[in-house]
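Listed below, chain by chain, are the residues.
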Amino acid sequence: MASNGIQSVSDSVVADARAPKTVLITGAAGQIGYAIVAMAAGGKMLGLQQPIILHLLDIEPAKQALEGVKMELLDAAFPLLIDVVTTTDVEAACKGVDVAVMVGGFPRKAGMERKDVMAKNVSIYATQAKALEKHANPDVKILVVANPANTNALMLKEHAPGIPAENITAMTRLDHNRALAQVKNVIIWGNHSSTQYPDVNHGTVEGKPIKEVLKDSSEWLDNEFVDVVQQRGAAVIKARGLSSAMSAASSACDHIRDWVNGTPEGTWVSMGVYSDGSYGTPAGLIYSFPCTCKDGKWSIVQDLTIDAHSAEKLRITADELTEERALALECIGDAAQ
C-alpha cells in the first residue's frame with residue numbers, strides 16, 4: 001500500500017469516494033513508461049478525482065530499475081495514488097486491470113529484417129493478450145503505444161478474442177497533438193508511420209475553416225505541413241539524441257482520458273481503432289480515424305467530405321497496414337509450426 005494513501009490532497013487534486021481504477025503500464029522502466037506513470041498518478045490520465053492503482057510491468061533485466069520507479073512514485077506522494085505493484089510476471093500484472101497501456105515492445109535494431117522484428121512483437125503481444133483476456137476486467141480498455149502500434153494492437157486482438165475489438169486501440173494521438181499545435185480538428189488517418197496522413201481539410205484556425213484562412217497556402221498545407229507532422233519524431237531524435245518520451249506519454253494519457261471521460265463538444269480526436277470499412281478503408285485493420293468519445297465508447301466521425309487527393313493518401317496508408325497484417329499473420333503461422 002502506498003504510504004500516502006489519499007492524504008495531503010491539494011485544492012486541485014481531490015480523491016473522492018470513487019473506487020480506485022487499476023492501470024497497467026508495460027515497459028514501465030523505459031523512457032515513455034517512466035513519464036507515463038507520473039502523469040497517470042497525478043491525474044492526467046483518468047482525471048483529478050479518480051484514485052488509481054498502478055501495475056508496472058517490465059522484463060527481468062529491468063527489475064531493479066522498476067523498483068526505482070516505484071520508489072519515486074511513493075516519494076512524490078501523489079494524492080490519487082493508492083498502490084503500486086511492480087512485477088516481471090505478465091499474469092500478475094494483468095490481474096484486475098481496468099486500463100492497459102502497452103508501451104513495452106521489441107524495437108528494430110541495426111541489421112534486423114522487418115519480419116524478424118514483427119515476429120518478436122507478435123510473440124510478446126500474444127503472451128500479453130492471453131494474460132489480459134484471462135485476468136483483466138471484462139471491459140478493460142487497451143491502448144498500444146509500442147511500434148508498430150497499429151499492427152501490434154491487431155495482433156493483440158487476434159490472440160484475445162474474448163476482449164471486444166472496440167476495447168483495443170492504437171495510439172496516433174501523438175501525431176494528432178503534433179498537428180493540433182497548429183490546427184484545430186486535424187485528423188490523422190491510417191498507420192502510425194511515415195505513411196500516416198495528417199489531414200487539415202476539416203480543420204479550423206480561430207473558428208474559421210483553415211482552407212479559407214490559408215486559401216493562398218494550399219501547397220503548404222498539402223506538402224510541408226504533412227511532412228512536418230510525419231517527420232516530427234525524427235526531428236526530436238535529432239535534437240535531443242533520444243526519441244519522444246514526454247510528448248508520447250502525455251499523448252497516451254490524453255487518449256485514455258478522452259476515451260474514458262469523453263471528448264469536448266465540437267471536437268474529435270484521432271484514434272487507431274478497429275475498422276468497420278468507413279471511408280472505404282479495409283475492414284479488420286486497426287486504422288486511425290477521427291473519433292468522438294462518450295460514456296467510455298468511441299465512435300468514428302462519419303460523412304466527412306474526402307477529396308481525391310485525400311482518398312489516395314488514405315489508400316496508401318491502408319495498403320501499408322494490409323501488408324503489415326499479412327506479415328504478422330505469417331509470423332503467427334510460422335510460430336504455430
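Presented here is an overview of the structure given in this document. Here the structure is a predicted model, which is why all the values come from computation and not from measurement.

### Some remarks on the packing of helix α4 (residues 114-135) against helix α11 (residues 308-336)
And then number 1: In contact at an axis separation of 9 Å, α4 and α11 are set at 65 degrees when each is read in the N-to-C sense. Considering their axes alone, α4 and α11 lie roughly perpendicular with respect to each other. You can see that α4 and α11 cross each other, and the crossing is right-handed. Along its contact with α4, which presents Arg114, Lys115, Met118, Ala119 and Val122, the element α11 presents Glu320, Glu323, Glu324, Leu327, Ala328, Glu330, Cys331, Ile332 and Asp334.

### A word on the packing of aromatic side chains
And then number 1: One pass over the full model with this rule turns up three aromatic pairs.
And then number 2: Judged by centre distance (5.1 Å) and plane angle (75 degrees), the ring pair of Trp189 and Tyr279 falls under edge-to-face. A residue pair is termed long-range when its members are at least 10 positions apart, and Trp189 in strand β7 (residues 187-189) and Tyr279 in the loop between β11 (269-274) and β12 (286-294) qualify at 90 residues.
And then number 3: Under the relative-accessibility criterion, Trp189 is labelled buried at 0%.
And then number 4: Measuring from ring centre to ring centre gives 5.0 Å for Tyr287 and Phe289, while their planes differ by 45 degrees; the resulting arrangement is tilted. Residues Tyr287 and Phe289 agree in their burial class; the two are buried.
And then number 5: Among the aromatic side chains, those forming a connected cluster through ring pairs are Trp189, Tyr279, Tyr287 and Phe289.
And then number 6: Sitting above the plane of the Phe106 ring, Lys120 keeps its charged end 5.2 Å from the centroid.

### Observations concerning the nonpolar core
And then number 1: Ile25, Ile36, Met45, Leu54, Leu56, Leu73 and Val101 are the most contacted members of the largest nonpolar core, which totals 56 residues.
And then number 2: Looking at which element gives the most residues to this core, the answer is helix α1 (residues 31-41), with seven residues.
And then number 3: Setting aside chain neighbours within four positions, we find Leu56 in contact with Ile25, Ala28, Val37, Leu66, Val69, Leu73, Val84, Val85, Thr86 and Thr87.
And then number 4: By size, the runner-up hydrophobic cluster in this structure holds 32 residues, among which are Val97, Ala100, Ala149 and Met155.

### Comments concerning the state of the cysteines
And then number 1: All chains considered together, the criterion is met by zero disulfides.
And then number 2: For Cys253, which is in no disulfide, the shortest distance to another cysteine sulfur is to Cys293 and amounts to 15 Å.

### Topic: the side chain of His176
And then number 1: Turning to its location among the elements, His176 is positioned in helix α6 (residues 173-180).
And then number 2: By relative accessible area, which is 1% here, His176 ends up buried.

### Considerations on the pattern of salt bridges
Opposite charge on two side chains permits pairing when their charged atoms draw close.
And then number 1: For the coordinates displayed, the defined rule picks out eight salt bridges.
And then number 2: A salt bridge links Asp139 to Lys141; its shortest N-O distance comes to 3.6 Å.
And then number 3: Relative accessible area serves as the criterion here: at 42%, Asp139 is assigned to the partly exposed category.
And then number 4: For the salt bridge of Arg178 with Asp175, the shortest nitrogen-to-oxygen distance reads 3.6 Å. In this pair, Arg178 and Asp175 are both assigned in helix α6, three residues apart and thus about one turn of the helix distant. Per residue, the accessibility class of Arg178 equals that of Asp175, and both read buried.
And then number 5: Linked through salt bridges whose partners overlap, the residues forming this network are Lys44, Arg173, Asp254, Arg257 and Asp258.

### Focus on helix α2 (residues 63-76)
And then number 1: Taking 1.5 Å of rise per residue, the 14 residues of α2 would be expected to cover 20 Å, and the 20 Å separating its terminal C-alpha atoms lies within 8% of that figure.
And then number 2: Contacts made by the buried residues of α2 are with α1, β2 (52-57) and β3 (81-87).

### Quick notes on the environment of Ala29
And then number 1: Relative to the elements of secondary structure, Ala29 occurs in the loop between β1 (21-26) and α1.
And then number 2: For Ala29, a relative accessible area of 24% gives the class partly exposed.
And then number 3: Separated by 41 residues in sequence, Ala29 and Lys70 place their C-alpha atoms 9.5 Å apart.
And then number 4: Each residue touching Ala29, except ones within four places of it in the same chain, is listed here: Asp58, Ala62, Ala65, Leu66 and Val69.

Reading guide: rules and limits
- Residues numbered from 1 in each chain as written.
- Predicted model: local features only at pLDDT ≥ 70, side-chain atom pairs only at ≥ 80, totals over all residues.
- Heavy atoms only, no water.
- Axes fitted to C-alpha atoms, helices over the stretch in contact; angles between N-to-C directions.
- Helix = DSSP H or I, 4+ residues; strand = E, 2+ residues; numbered from the N terminus.
- Parallel < 35°, antiparallel > 145°, perpendicular 65-115°, else oblique.
- Left-handed = near helix turned anticlockwise from the far one by under 90°.
- Contact = heavy atoms within 4.5 Å.
- Phe/Tyr/Trp six-rings, centres within 6.5 Å; stacked < 30°, edge-to-face > 60°.
- Buried < 20%, exposed > 50% of the residue type's maximum accessible area, 1.4 Å probe, protein only.
- Lys NZ or Arg CZ within 6 Å of the ring centre and 35° of its normal.
- Core = buried A, V, L, I, M, F, W, Y, C linked by side-chain atoms within 4.5 Å.
- Disulfide = S-S within 2.5 Å.
- Salt bridge = Lys/Arg side-chain N within 4 Å of Asp/Glu carboxyl O.
- Expected span 1.5 Å × (residues − 1).

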